[in-house]
Amino acid sequence: MKNYLDGGEAILEAFRKLKIDYIMSSPGSEWSPIWEALARQTLENRAGPTFVESWHETLAVNMATGYTLMTERPQAVLVHAGVGVLQGSMGIHGALQNEVPMVVMSGESQTLGENPDLDIEQQWYGGLTVGGIERFVEPVTKWARAVTSPYTLYESVIRAGEMAQRAPKGPIYLNVALEHMLHDWTPPASSREVPPAPVTQPRPQDVETVAELLRNAKSPVIVTETAGRDPKAFSALKELADLLAIPVINGRVSAYANFPTDHPLYLGMGRYKALDDADLVLLVGGRAPWYPPRRRPTRGKIVAIHDHPLKEHMVYQNLHVDLYLEGDIVESLMLLIAAAKSAKIEPATVTARRQRWTREHESYVAELRAEREKAQNGSAIDPLSLLAALGELMPDDTIYVDETITHSPLIRQHLPQRTAQSFYRGSGGLGQGIGTALGIKLAAPQRPVALLIGDGSFLYNPVIQALGASQRHDLPIVIVILNNKKYEAMRKGHVHHYPDGASASKGLHFGVTIDGPDYEQLGSHFGFHGERVEYRAELEVALRSALAATKEGRTAILNVVVSR
């Protein structure tokens, strides 16, 4: 057996230095150098990344995304040349919008078989090479380049991993020629350990300015959308709110569990009434909290807290910000907490605020409870009765992944988010929910993972490929399909613009009706649990059966027919 030391080993060693846990791949034939290096790693019992194969490129990217959302550790994604990257571009685009670091690679040929000393597979001549795929993916990556030579390969991969983790975090794409990977590689004489990305802090004078505003504010409010991505920020936000009795609102596109929804200072998602008389708004991890963007929600000061508050991938963003704390969210919050503790704050003011917002929270919770109780009428399954059943029956440590559209506001209002890393919602387009949920399950194997997905959203996913990955890699999840047999967002948009038009008057809608399959049967080829649920009385048994299946190692698909 010959031990090759070539570009495949260079890439794998770079992954080791970057502390990458998994190589997610929907493979192409250019990756034989990596496979050879992985085979040696296995035979030599060396530490290094684990190869996770899937049958679809977007699925591979989504699994990397889900894993990183839970761990904050970037992973590697290897896909096929040209077409493989284009197929995975939806997931790469989502990773860019979610600021998820990862290293994505594919490999074109440079010689196309014209090198008499190196025979290359004929497929390169057959059309897979598109002459620099990095040109196609540049708009959906943080950075995209071709590796220039076999001599720069190792350090290029290291650099890509380091760059992916710097703010703004995001996917880095490298086009690696097969010829570079087959070329001999000489390891560096002194192999450095790659340091972690530094944690940035805002300027001390900016912290002091905001702390002074907090000390003087009569009615401060916190609005957050993405702070809870870091569990330490979840805790820090709670500490700051508790300390000064500041109410917390989830922004309209909140994508994480940012604050305990059962906390007496929590006022709900997208409920901005508290901003009417706010003299200070802390926008913690905000992306697009106000709609329409021109509508400034308060006359008070607005402070944006984020390491990357302005999003260059957004074509238009108007945060109405007066001051920035530009640095790591956790560091910024902890600095504010320290400043607040060292200052003299009138206890009576804090007490009065706490009493006011606790009453508001209790009123809000009562409204939600009344909505869920009203939904219990009749035998049909209102979406709220489904959410009530989930809240009562699912374990407290369940991680929810949301890929719905019209039901998403209900989900984010009514589902409990009491702990950090209990809720996720993706970005960049539909069709990524199952892969993201599988990646989250890979990172948190002991916790239940439940994907809530509309029947329309479900059909955008690579369903068979995702179910195959669930079985092959032992990643059982609960998939709850909210099946209203239509693209309700299409109908609502049409009626919104033409309320008295022909379509609304006669009930004649295009692009709305979904004559879907028996979703619950789609997992039968993999031995998965499936159940169609049509009546409210069936929900409890169905959810318990689904949970039991996942404990046995089988994914469960619940096709829940909802009334709206």
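Read on for an overview of the structure. This one's a predicted model, so the numbers in the text were calculated from it and none came from an experiment.

## Points about the overall build of the protein chain
Reasoning step 1: Looking only at helices and strands, the protein chain features 19 helices and 18 strands.
Reasoning step 2: Projected onto the principal axes, the alpha-carbon positions of the protein chain cover approximately 80 × 60 × 50 Å.
Reasoning step 3: Considering only intrachain contacts with a sequence separation of at least 6, the fraction spanning at least 24 residues in the protein chain is 78%.
Reasoning step 4: Charged side chains in the protein chain number 56 positive and 64 negative. The centres of these two groups are separated by 8 Å.

## Comments concerning the sheet that holds strand S8 (residues 248-250)
Working definition: the strands of a sheet are paired by backbone hydrogen bonds and lie parallel or antiparallel to each other.
Reasoning step 1: Strand order in this open sheet of 6 strands is S9-S8-S7-S10-S11-S12, and the pairing throughout is parallel. Two strands close off the open sheet at either side, each with one partner strand: strand S9 (266-269) and strand S12 (323-326). Each strand of the sheet is rotated relative to its neighbour by a mean of 20°, with strand direction disregarded.
Reasoning step 2: As paired strands, strand S10 (residues 280-284) and strand S11 (residues 301-306) are joined by 5 bridges and run parallel to one another. If you follow Leu282 over to S11, its bridge partner there is Val303.
Reasoning step 3: Strands strand S7 (220-224), S8 and S10 of the sheet are contacted by helix H9 (residues 231-244), whose axis makes an angle of about 165° with S7.
Reasoning step 4: Strands S10, S11 and S12 of the sheet are contacted by helix H10 (residues 329-342), whose axis makes an angle of about 130° with S11.

## What to know about the sheet that holds strand S4 (residues 102-106)
Reasoning step 1: The strand order across the open sheet built from 6 strands is S2-S1-S3-S4-S6-S5, with neighbouring strands paired in parallel fashion. Taken across any chain shown, the strands that pair with only one partner, and hence form the sheet edges, are strand S2 (50-53) and strand S5 (143-146). Ignoring strand direction, the axes of neighbouring strands in this sheet form an average angle of 20°.
Reasoning step 2: In terms of strand pairing, S4 meets strand S6 (residues 171-175) through 5 bridges, oriented parallel.

## Some words on unusual backbone geometry
Reasoning step 1: Residue Pro168 follows Ala167 across a cis peptide bond; omega there is -5°.
Reasoning step 2: At the junction of Tyr291 and Pro292, the peptide bond is cis and its omega measures out at -5° in the coordinates.
Reasoning step 3: With respect to the secondary-structure elements, Pro292 resides in the loop between S10 and S11.
Reasoning step 4: For Asp474, which is not glycine, the phi dihedral falls at a positive 55°.
Reasoning step 5: With respect to the element layout, Asp474 can be found in the loop between helix H16 (463-472) and strand S16 (478-483).
Reasoning step 6: The backbone of Lys485 shows a phi angle near 60°, a positive value even though the residue is not glycine.
Reasoning step 7: The topology assignment puts Lys485 in the loop between S16 and helix H17 (488-497).
Reasoning step 8: The partly exposed category is assigned to Lys485, whose relative accessible area is 43%.

## So, the nonpolar core
Reasoning step 1: Grouped together as the largest cluster of nonpolar side chains are 51 residues, with contacts concentrated most on Met24, Val77, Ile434, Leu438 and Ile479.
Reasoning step 2: Look past the residues within four positions of Ile479 in its chain and what remains in contact with it is Ile434, Leu451, Ile453, Phe458, Leu467, Thr555, Ala556, Ile557 and Leu558.

## Focus on the environment of Leu244
Reasoning step 1: With respect to the secondary-structure elements, Leu244 resides in helix H9.
Reasoning step 2: Distance in space between the C-alpha atoms of Leu244 and Arg353 is 8.4 Å, their sequence separation being 109 residues.
Reasoning step 3: Excluding its chain neighbours within four sequence positions, the residues that come into contact with Leu244 are Leu214, Ala340, Ile345, Val350 and Arg353.

## Some points on the pattern of salt bridges
Reasoning step 1: As enumerated under the stated definition, the model contains 31 salt bridges in all.
Reasoning step 2: Note that Arg491 and Glu488 form a salt bridge whose closest N and O atoms lie 2.6 Å from each other. In this pair, Arg491 and Glu488 both sit in helix H17, 3 residues apart, roughly one turn of the helix.
Reasoning step 3: The exposure class of Arg491 is partly exposed, given its relative accessible area of 25%.

Here is what the cut-offs are and how they apply
- Here, residues in each chain are numbered from 1, in the same order as that chain's written sequence.
- Only residues with pLDDT of at least 70 are given local features in this predicted model, and only at 80 or more are side-chain atom pairs given and counted; all residues enter the totals for whole chains, interfaces and linings.
- To obtain the side-chain values, all non-hydrogen atoms of the structure were included, while hydrogens and water were left out.
- In DSSP terms, a helix is any run of H or I states spanning at least four residues, a strand is any run of E spanning at least two, and both are numbered starting from the N terminus.
- Here a residue-residue contact requires only that any non-hydrogen atoms of the pair lie within 4.5 Å.
- Positive charges come from Lys and Arg alone, negative charges from Asp and Glu alone, with His and the N- and C-terminal ends not counted.
- To locate a charge, take NZ of a lysine, CZ of an arginine, CG of an aspartate or CD of a glutamate.
- Each pair of strands is called paired provided DSSP finds at least two bridges between the two strands.
- Here an angle of 0 to 180 degrees is reported between the N-to-C directions of two axes, which are lines fitted to C-alpha atoms, with helices fitted over the stretch in contact.
- Three labels apply to residues, based on accessible area from a 1.4 Å probe with only protein chains included: buried if under 20% of the type maximum, exposed if over 50%, partly exposed otherwise in between.
- Here the nonpolar core consists of buried residues drawn from Ala, Val, Leu, Ile, Met, Phe, Trp, Tyr and Cys, with membership extended through side-chain atoms lying within 4.5 Å.
- In what follows, salt bridge is the name for a side-chain nitrogen of Lys or Arg lying within 4 Å of a carboxyl oxygen of Asp or Glu.

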